[in-house]
Amino acid sequence: MDERLVRETVRNLWAREALAGLSEFVAIPALSPAFDADWPRTGHLHAAVEHLRAYLAERPIAGAKAEVVELPGRTPVLLLDVPARAATNPETVVVYGHLDKQPAAGTWSPGLGPWTPVVKDEKLYGRGAGDDGYAGYAAATALEALHAADGRHARTVVLLETGEESGSPDLAAYLEHLAGRLGRVGLVVCLDTSGADYERLWLATSLRGIAFLDLTVRVLTSGVHSGHGSGLVPSSFRVLRELLDRIEDPRTGRMKLPELEVGVPADRLAEIRVAAEEGFLAPQLPLADGVRYVTDDPVELVLNNTWRTTLSITGADGLPPILDAGNVLRPYTSLKLSFRLPPTVDAGSALQAIEKALTTDVPFGAQVELARAEAADGWNATPRAPWLESTLDEVSADVFGKPWRALGLGGTIPFLGLFGRAYPDAQFVVTGPRGPGNNAHVPDEWLHLEQTERVTEAVARILHAHATA
């Protein structure tokens, strides 16, 4: 394989076709179903899928077939199936990404917007650029570069789902539906993660699971004057606080339910300590003036973010805006609870424990309603094969000029947990070009274009090495 031509092809394609295609994708408000319950009618998810299908269908990759698969009542999946090229390895490679997006999530900076692609300072701004719309373009570019440079690869299936930002509720059904077509999967490349800088190749070795639900506590059938009702009926917020304190210690943030905690494997703890020694600490956050991190110990910070359960309140209802809030004892309060779970916790059991804690012996007999409860397991990587270890070393030296590093991540990709169970012997390369400050899920999301090119080149060379592994 002509490695120089691989690099040139990757750079040229990203500078022209791939960047142009991704920019058009950014303009499509393809909200995930959790944020667009009427997605079949609004059509944005289908528009995103069709846009990328058309792009993939035009790529000069011999034998490649782009196909949309849509099971009844489920979000669509886009597949790019590419037959093996000069490979002796009979395994299938699956390259994963997703096409659904988070909402705008607030006010963007002047000149930027969630659905307005802007290239500035070697970054592409716009919702879904880095999380995770680039993945389909990167996968196609890597394959196209291999073909141009006389490289090789095993049969490769690019799988792009449209429900990841909603917890991938349809993915298990698709993996079962496609199991016969995928065959024996020996390598999984996931392009939906991030690293601690933009100078080297980062691999994620674990991801947290997730459980989330809507919790409503109701104490009245309608609001009443707070002077008439307070002291007679507890506020719905007071009941909520007591229920949440059953699960989380409000002082330390640690969980009180044993189903939400696990021990940290020795190899993962060693990775965290190495990263901490090299100065790769927890992500830098836009702290308000005077706010401190929960601990000064960098190892503990990383453990909190990767191997411990955390609770975030990500939404609320029943609370009027402050300027409209009168002296009223409100009838109810609703909160959206989001639990990030350790990689090896059983997410289903964790969710059941949470639901039980919230609905058993409710204070004052208040009504508790749970809705939209979902859970997905995390993932912990299998040991790396010698061929992959040596390839990572070589690629890191040639493409990045620095050694690769591995860390667990605090996010969730249910795909990895599903594939980890379905293919326990498969090798996993979980990587991506995102890093500090990329603003996934919040205003001003951006994609680092130069790092994207390097990651794409690295994927191409890993596919080439796997072909004869």
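Chains are numbered independently. Their residues run from 1 in the order of the written sequence. Reporting of local features is limited, given that this is a predicted model, to residues whose pLDDT is at least 70; pairs of side-chain atoms are given and counted only at 80 or more, and all residues count toward the totals for whole chains, interfaces and linings. Values reported for side chains reflect all heavy atoms of the structure, with hydrogen atoms and water molecules removed beforehand.

Draft legend 1. Representation of the overall build of the chain in the model. On a plain count of helices and strands, the chain comes out with 13 helices and 18 strands. Its C-alpha atoms give the chain principal-axis dimensions of about 80 × 50 × 45 Å. Three labels apply to residues, based on accessible area from a 1.4 Å probe with only protein chains included: buried if under 20% of the type maximum, exposed if over 50%, partly exposed otherwise in between. Of all 469 residues assigned to the chain, the portion counted as buried reaches 53%. Restricting to contacts in the chain with at least 6 residues of sequence separation, those with at least 24 account for 81%. All accessible areas in this document rest on Shrake-Rupley with a 1.4 Å probe, and a residue is counted as covered only by the protein chains that are shown. Counting every atom, the chain has about 19,900 Å² of accessible surface; 51% of that belongs to carbon and sulfur. One way to put it: in the chain the 43 positive side-chain charges average out to a point 1 Å from where the 61 negative ones average out. Secondary structure is summarised from DSSP: a helix means a run of H or I of at least four residues, a strand means a run of E of at least two, and numbering begins at the N terminus for each. Only heavy atoms enter the contact rule, under which two residues are in contact if any of them lie within 4.5 Å. Counted charges follow a simple rule, with Lys and Arg positive, Asp and Glu negative, and His plus the chain ends left uncounted. One atom stands in for each charge, and that atom is NZ of Lys, CZ of Arg, CG of Asp or CD of Glu.

Draft legend 2. Up close: a nonpolar patch on the surface. A contiguous nonpolar patch, built from Leu-285, Leu-287 and Val-291 and spanning about 250 Å² of accessible area, is present on the exposed surface. Mapped onto the secondary structure, Val-291 falls in the loop between helix H8 (266-277) and helix H9 (298-306). Look at Val-291 and you get partly exposed, because its relative accessible area is 45%. Surface patches are defined over residues having more than 30% relative accessible area and no salt bridge, joining like charges when they lie within 9 Å and nonpolar side chains (Val, Leu, Ile, Met, Phe, Trp, Tyr) when within 5 Å. Salt bridge, as applied in this entry: a Lys or Arg side-chain nitrogen positioned within 4 Å of an Asp or Glu carboxyl oxygen.

Draft legend 3. Quick peek at the side chain of Arg-454. Along the chain, Arg-454 turns up in helix H13 (residues 449-466). Throughout this description, a polar contact denotes any pair of N or O atoms lying within 3.5 Å of each other; where both atoms belong to protein, one of them has to be capable of donating a hydrogen while the other can accept it, and for residues adjacent in sequence the pair is counted only when both atoms sit in side chains. In this structure the side chain of Arg-454 is engaged in a polar contact, spanning 2.8 Å, whose partner is the backbone oxygen of Tyr-198. In contact with Arg-454, other than residues within four places in its own chain, are Tyr-198, Val-399, Phe-400 and His-448.

Draft legend 4. Looking closely at the pattern of salt bridges. Under the definition given, this model contains 31 salt bridges. A salt bridge links Asp-377 to Arg-421; its shortest N-O distance comes to 3.0 Å. One end of the pair, Asp-377, is in the loop between strand E14 (367-376) and strand E15 (379-380); the other, Arg-421, is in helix H12 (residues 414-422), with 44 residues separating them in the sequence. The exposure class assigned to Asp-377 is partly exposed, which follows from its relative accessible area of 24%.

Draft legend 5. Spotlight on the side chain of Gln-451. Summarising the element assignment, Gln-451 is placed in helix H13. Classification of Gln-451 by relative accessible area gives buried; the value is 1%. At 3.1 Å, the side chain of Gln-451 forms a polar contact with the backbone oxygen of Arg-200. Look past the residues within four positions of Gln-451 in its chain and what remains in contact with it is Asp-197, Tyr-198, Glu-199, Arg-200, Phe-400 and Pro-433.

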